[in-house]
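Reading the structure
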Amino acid sequence: MVTHDNRREATGLYLATVEVVTSLAERAEVIAALADRRAALVREDDAPGAKERARQLRDHVRAYVIPRARALESPLLVVLLGPTGAGKSTLMNTLARATVSRTGVLRPTTREAVLLATDADAAILRRGALAGIDAGQIVRAPAATAATGMAIVDAPDLDSVERANRVIADALVEAADLGIFVTSAVRYADKAPFDVVQRIAARGLPVLIVVNRMPADGSDQRVVLDDLRRVLKDTALRGIDDAQVQIAAIAEGRVDPSGEHLEADAAAPVLQRVDELARDRERRLALARRALEGALAGLDPLLSAVAADVERAAAEGEALRAITAKSYDAELSALFEELRGGTFLRTEVLRHWESYVKADQITRFFSRGLGRIRGTIITAIRGMPEAPVGVVEKEVTSDVVAVAVARATEAARRVASEWSSRAGPADQLARDPSLWSASPELAVRIRPRLHDWVASIATDVQARGAGKRDLAFGVSLGVNALAIAAMVGVFAHTAGVTGTELGIVAATGFLNQKLLQAIFGEAAMREMIAGARERLEALLGDEFLKERGRYDRLVADPAALRALAGELRAATAPLSP
């Protein structure tokens, strides 16, 4: 009956573990998706620290957390960690009950990670928790003494003089389900070992501490252990059973005659805990679940740091886009004012049109009134000069292109000047000098759009003249000629021009306005010119928006960054009970 009850308790533990891990796995998937999004938003000119944290989050979640979350039944990974010369390899051989890892006094003794696992378990781990470590950096120990469902790794020294060894060891800290931290009576308080302990605590990795080369005297041992507990007091270390971290003390010289293994009774506390895990599947599952839980909880500081990076990037992006918007809006407004005043038009272009509208026949028509000369329309038209439609359209639109490019260039210069005072944007400007001026294709884009704009005015003229007898003469002048008259009116309309304002613009605008007013009436004329101006300003506004987009594209979308930062912070919230 007792045996049956024990099986029921074990089954209940497994089911509870699966239920919790399902929730943990869901959280892991959410964090993985967030890490991918953050990585996709990293810019080349982001601060190195921010780029490294984004990479670290993505790589850790993808390489270690997700594989464990998706495969709780994967072999339990026990990693021996510690500084040079602490006795890791000797303990590894003791746990393996065979000589599988070299021992010695050369630094670094362990130049690769040594893996003790069955062939099947090793294959699973290579696809999962150990997938992020190059296969050439892991040496397989003979599998004869390996226990199914549990793998043991002797990691390279964490304070190794070879950086590659430290990188492998750090990766194993991230991959492990249980850490056995091996130190010595004279090295436990060294900075390098203590930094390792801090990383283990931050990772949330369950740990067992082994202190080698302890003094033989019991009172001296107590002094060392008390001081070690003092050193560890403020660290967030977790024991195998979530209780106080177990510390196993092994006296100096407790090795067998080969010098490659610890004496069995000296290593008994460690052997007992590892053997319990090897025998008990449910206990391994529970520990794996706790390791996953710790790994996710251990991500909270990194998630918060990445969220802060994203928020800073959003604030910087908002500031940069505000500079761009302000510069382009100011230059677009100045462009509109310049177009409305007509002062950008070259004198020779205006004189072409002024000569036409001052021709005797046309001047006489609008001074006498159309209604009084309807009987002589055909005769009158034959005596009129030909309107310089093509010349004026080409020259006026060329002038519009020129002034638009000039204003866009000034906007670009203002943006680049302000951006150049910031490190990241300054690098982007250095790589692309074209950002200091309007884009080379701006003029090419505007020209055909201005031609279409003039065509839209002609369509408006034709629509207004259809079916209206009083407009017959005006339409007889030529739809295209009247479209050019309306186009010139957009830039040289006399509304608001005082009598003291003289010159070619005012003179041409006055005559042009009289012609349009005589044909269409004042209200219709104003409406037609206003519509044409509105379409032109929309066209130019769209082109300036494209120009501004050259800079906005260099900055990650601040709204997307703000949303991501909020989700990253939400991912640190504790799971619901």
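Being a predicted model, the structure only gives us computed values, none of them experimental.

Conventions used here
- Residues numbered from 1 in each chain as written.
- Predicted model: local features only at pLDDT ≥ 70, side-chain atom pairs only at ≥ 80, totals over all residues.
- Heavy atoms only, no water.
- Helix = DSSP H or I, 4+ residues; strand = E, 2+ residues; numbered from the N terminus.
- Buried < 20%, exposed > 50% of the residue type's maximum accessible area, 1.4 Å probe, protein only.
- Contact = heavy atoms within 4.5 Å.
- Areas by Shrake-Rupley, 256 points an atom, 1.4 Å probe, with all protein chains shown as cover.
- 1 Å grid on protein atoms, 1.4 Å probe; cavity = no way out; pocket = protein on both sides within 12 Å on 5 of 7 lines; lining within 4 Å.
- Points joined across faces, edges and corners; volume = space filled by probe spheres on them.
- Nonpolar A, V, L, I, M, F, W, Y, C, P; charged D, E, K, R; others polar.
- Core = buried A, V, L, I, M, F, W, Y, C linked by side-chain atoms within 4.5 Å.
- Right-handed = clockwise from strand over helix to strand, strands pointing away.
- Pairing = 2+ DSSP bridges.
- Salt bridge = Lys/Arg side-chain N within 4 Å of Asp/Glu carboxyl O.
- Expected span 1.5 Å × (residues − 1).
- Arc of directions from axis to C-beta.
- pLDDT = per-residue confidence, 0-100.
- Phe/Tyr/Trp six-rings, centres within 6.5 Å; stacked < 30°, edge-to-face > 60°.

1. Some words on the overall build of the protein
Across its full length, the protein carries 21 helices and seven strands. Split into buried and exposed, the 577 residues of the protein put 49% on the buried side. For the protein, the proportion of contacts with a sequence separation of at least 24, taken over those separated by at least 6, is 81%. Accessible area for the protein stands at about 26300 Å²; split by element, carbon and sulfur atoms hold 54% of it.

2. What to know about the environment of P269
Here P269 lies in helix α8 (residues 268-279). P269 sits in the partly exposed class, given a relative accessible area of 33%. In sequence terms P269 and I250 are 19 residues apart; their C-alpha atoms lie 9.7 Å from each other.

3. A look at the environment of E337
Topologically, E337 is positioned in helix α10 (residues 300-341). Residue classification places E337 among the exposed positions, given a relative accessible area of 52%. Between the C-alpha atom of E337 and that of F491, which follows or precedes it by 154 residues, the distance is 9.8 Å.

4. Some points on the layout of surface pockets
Of the voids in this model, the largest pocket is the one considered here, and its volume is about 660 Å³. In terms of lining, the largest pocket is formed by 25 residues, of which the most central are Q56, H60, D170, A171 and E174. Put simply, the parts of the chain that give the lining of the largest pocket at least two residues each are α2 (48-70), α5 (163-175), α6 (191-203), α9 (281-298) and α10. The greatest single-element share of the lining of the largest pocket, amounting to seven residues, is contributed by α2. Here the residues of the lining of the largest pocket are counted per class, giving eleven nonpolar, five polar and nine charged.

5. Details of the nonpolar core
Counting 52 residues, the largest nonpolar core has L339, W453, M487, F491 and L540 as the members making the most contacts within it. Listing elements by their share of this core, those giving two or more residues are α10, α14 (389-419), α16 (442-465), α18 (479-492) and α20 (522-552). With 45 residues, the next largest nonpolar core counts A155, L158, I200 and M214 among its residues.

6. A closer look at the pairing of strand β2 (residues 113-116)
Side-chain direction in a regular strand flips from residue to residue, so the side chains alternate between the two faces of the sheet. Side chains A113 and L115 project from β2 onto one buried face, and the interleaved V114 and L116 project onto a second face that is buried too. Each parallel crossover has a hand, and the one from β2 via helix α4 (residues 119-127) to strand β3 (residues 138-140) is right-handed. Where β2 and strand β4 (residues 150-154) come together, three bridges link them in antiparallel fashion. Bridge pairing in β4 links L115 to V153.

7. What to know about the pairing of strand β7 (residues 247-251)
Burial analysis of β7 places four of its five residues in the buried class, which makes it a mostly covered element. Across four bridges, the pairing between strand β6 (residues 207-214) and β7 is parallel. Note on β7: the bridge partner recorded for M214 is A251.

8. Points about the pattern of salt bridges
Counted by the stated rule, this structure contains 42 salt bridges. For the salt bridge of R254 with E263, the shortest nitrogen-to-oxygen distance reads 2.5 Å. You can call E263 partly exposed: its relative accessible area is 28%. Residue D265 pairs with R254 through a salt bridge whose shortest N-O separation is 2.8 Å. With a gap of eleven residues between them, D265 in the loop between β7 and α8 and R254 in the loop between β7 and α8 connect regions that are remote in the sequence. Given the relative accessible area of 26%, R254 is considered partly exposed. What emerges from the salt-bridge pattern is a single network uniting E441, R445, R449, D542, E543, K546, E547 and R550.

9. Examining α6
The end-to-end C-alpha separation of α6 is 18 Å, in line with the 18 Å expected for 13 residues at 1.5 Å each. Among all positions in α6, only P193, V196, V197, I200, A201 and R203 are buried. Across the axial projection of α6, the buried residues extend over an arc of 165°, all falling on one side. Following α6 by one or two positions, G204 adopts a phi angle in the positive range, close to 75°.

10. Observations regarding empty space enclosed by the protein
Taken as a whole and judged by the stated rule, the model has three cavities of 30 Å³ or more. Estimated volume of the largest cavity: approximately 90 Å³. Elements supplying a minimum of two residues to the lining of the largest cavity: α2, α5 and α9. Looking at the lining of the largest cavity, its residues break down into eight nonpolar, no polar and four charged.

11. Here we look at the confidence of the model for the protein
Scored by pLDDT, the protein has a mean of 79; 77% of the residues are at 70 or more. Note on residues 1-18: pLDDT is under 50 here. Beyond four places in sequence and across chains, it has eleven contacts. Confidence over residues 495-502 falls short of pLDDT 50; this stretch has five contacts with residues more than four positions distant or in other chains.

12. Here's the deal with the packing of aromatic side chains
Any aromatic ring pair is given by two values, namely how distant the centres are and how the planes are angled relative to each other. With the rule as written, the count across this model stands at four aromatic pairs. Residues Y328 and F544 carry aromatic rings whose centres are separated by 6.0 Å and whose planes lie at 80° to one another, so their mutual orientation is edge-to-face. Of this pair, Y328 sits in helix α10 while F544 sits in helix α20, and the two are 216 residues apart along the sequence. Look at Y328 and you get buried, because its relative accessible area is 2%. Residue classification places F544 among the buried residues on the basis of a relative accessible area of 3%. Look at W419 and Y551: their rings are 5.7 Å apart centre to centre, the planes differ by 80°, and that puts the pair in the edge-to-face class. Linking W419 in helix α14 with Y551 in helix α20, this pair joins segments that are 132 residues apart in sequence.

13. Some details on unusual backbone geometry
Unlike most non-glycine residues, R97 shows phi in positive territory, near 60°. Inspection of the secondary structure assignment puts R97 in the loop between α3 (88-96) and β2. For R213, which is not glycine, the phi dihedral falls at a positive 55°. Along the polypeptide, R213 turns up in strand β6. Judged by relative accessible area, which is 38%, R213 ranks as partly exposed.

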